[in-house]
Amino acid sequence: MSLRASFIAMILSLIPAFAYGYDEADFRTYLAGVKVSALTKGLSETAIDQTLATVKYVPKAVKLDRKQNEFTISFEKYQNNQLPASRVKKAVSFLQTYKSTFDRIEQIYKVPREMIVALWAIESNFGQNTGGFHVPSVLATLAYDGRRRVLFENQLIHSMQIIQEGHVRPTQMKGSWAGAMGQSQFMPSSFLNYAVDFSKDGTKDIWRAKSDVWASIANYLQTEGWQFGKPKAVAVQLPIDFTYDEEIYAKHYRPLSEFKNMGVRLFENVSGNPNVKLIKPDRSTENQAFIAFENFDVIMHWNRSHFFALTVAKLADKIKARL
């Protein structure tokens, strides 16, 4: 590393996150420091330069990032929005049309097809809504903005590795405002950990190749510990005098029998006495609650939202009931 590059990297590391407004020259200086970091991690200068040459500052990404905490929709409204009958019907149609592909994926990864297509449906509406943002640009923008610099700078460097490996051209790396890519909405780090070239064409194409998308979702779930044939979540009724504490009940497993002894009533039969958690989603207008199993935590690893995980689980169950 040159003396100048070392100096740039040192200065950038000392600038506090709150100091960043936007200045084009300053943004380019910041990217020069990112290049230094990427080089020290073994990436080729060609891949780095190819990526950074396409990067532009995206003010909309910063605006959207800062508005995230305004999410106030109720749990029931969220589920109603995500679970229309048309979505279930479309999912079933895909599973029937591509039955042989899902047969192979399910056999290899031991993940049920209804879970794969449920995640695909909710993440990108069956590949229709993948986001039109240039991923390296939004990652660079959010890293430069500084609120979560380490996270987004690492993701930017991961995006360079994906480009270096030849899976996508820099200009075609499109996704959400936060950098989630393609039909599976993988962040670059998730792509490197879980993406699969199921079509055997030499690229892991989560943007256009459906079989790669589905197998990559399955590989993610399998890698994170999915247990085939095991439940995800079951709705329950809590006793009237039950005092719910998320720290106690939602973050630690305990035998199901303990909840039954507390008067928690399950709406479905569950065999044995598995270890479970009790989930009571925020902003539930109907005071809903659920017993969550280990597979539920696998979905939570994908997205740390109870709303999301419970809705994906319910959609998968609705799809399975129609197969």
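Residues numbered from 1 in each chain as written. Predicted model: local features only at pLDDT ≥ 70, side-chain atom pairs only at ≥ 80, totals over all residues. Heavy atoms only, no water.

## Details of unusual backbone geometry
Positive phi outside glycine occurs at F126, with the angle close to 60°. Inspection of the secondary structure assignment puts F126 in the loop between α8 (113-124) and β1 (133-134). Even without being a glycine, Q185 presents a positive backbone phi close to 55°. Examined against the element boundaries, Q185 turns out to sit in the loop between β2 (174-175) and α11 (188-194). The exposure class of Q185 is buried, given its relative accessible area of 14%. (Helix = DSSP H or I, 4+ residues; strand = E, 2+ residues; numbered from the N terminus. Buried < 20%, exposed > 50% of the residue type's maximum accessible area, 1.4 Å probe, protein only.)

## Brief notes about the pairing of strand β3 (residues 233-237)
When β3 meets strand β7 (residues 289-292), the two strands line up antiparallel, connected through four bridges. Within the sheet, the bridge partner assigned to V236 lies in β7 and is A289. Relative to strand β5 (residues 265-266), β3 is paired through two bridges, and the arrangement is antiparallel. Paired with Q237 across the two strands is R265, which belongs to β5. (Pairing = 2+ DSSP bridges.)

## So, the sheet that holds strand β4 (residues 254-255)
Across the sheet, which stays open at both edges, the five strands sit in the order β4-β6-β7-β3-β5 with antiparallel pairing between neighbours. Of all the strands in the sheet, just β4 and β5 have a single pairing partner and so form its edges.

## Describing the layout of surface pockets
As a volume, the second largest pocket reaches approximately 600 Å³. If you trace the second largest pocket, you find 25 residues lining it, with G229, K230, P231, K232 and N295 closest to the centre. In terms of residue count, the dominant contributor to the lining of the second largest pocket is helix α16 (residues 306-322) (four residues). Residue classes in the lining of the second largest pocket are distributed as twelve nonpolar, six polar and seven charged. (1 Å grid on protein atoms, 1.4 Å probe; cavity = no way out; pocket = protein on both sides within 12 Å on 5 of 7 lines; lining within 4 Å. Points joined across faces, edges and corners; volume = space filled by probe spheres on them. Nonpolar A, V, L, I, M, F, W, Y, C, P; charged D, E, K, R; others polar.)

## Some words on the confidence of the model for the protein
Across the protein, the average pLDDT comes to 92, with 92% of residues at 70 or higher. Every residue in residues 7-20 is under pLDDT 50, and counting partners more than four places away or in other chains gives 19 contacts. (pLDDT = per-residue confidence, 0-100. Contact = heavy atoms within 4.5 Å.)

## So, the nonpolar core
As a rule of thumb, soluble globular proteins bury nonpolar side chains together. Formed by 90 residues in total, the largest nonpolar core has its most connected members in M115, L221 and I319. Here this core takes nine residues from α16, the largest share from any one element. Residues contacting I319, with those up to four places away along its chain left out, are V88, A91, V92, L95, E114, V117 and A118. Y249, L256, L278 and I291 belong to the second-largest nonpolar core, a separate cluster that totals 15 residues. (Core = buried A, V, L, I, M, F, W, Y, C linked by side-chain atoms within 4.5 Å.)

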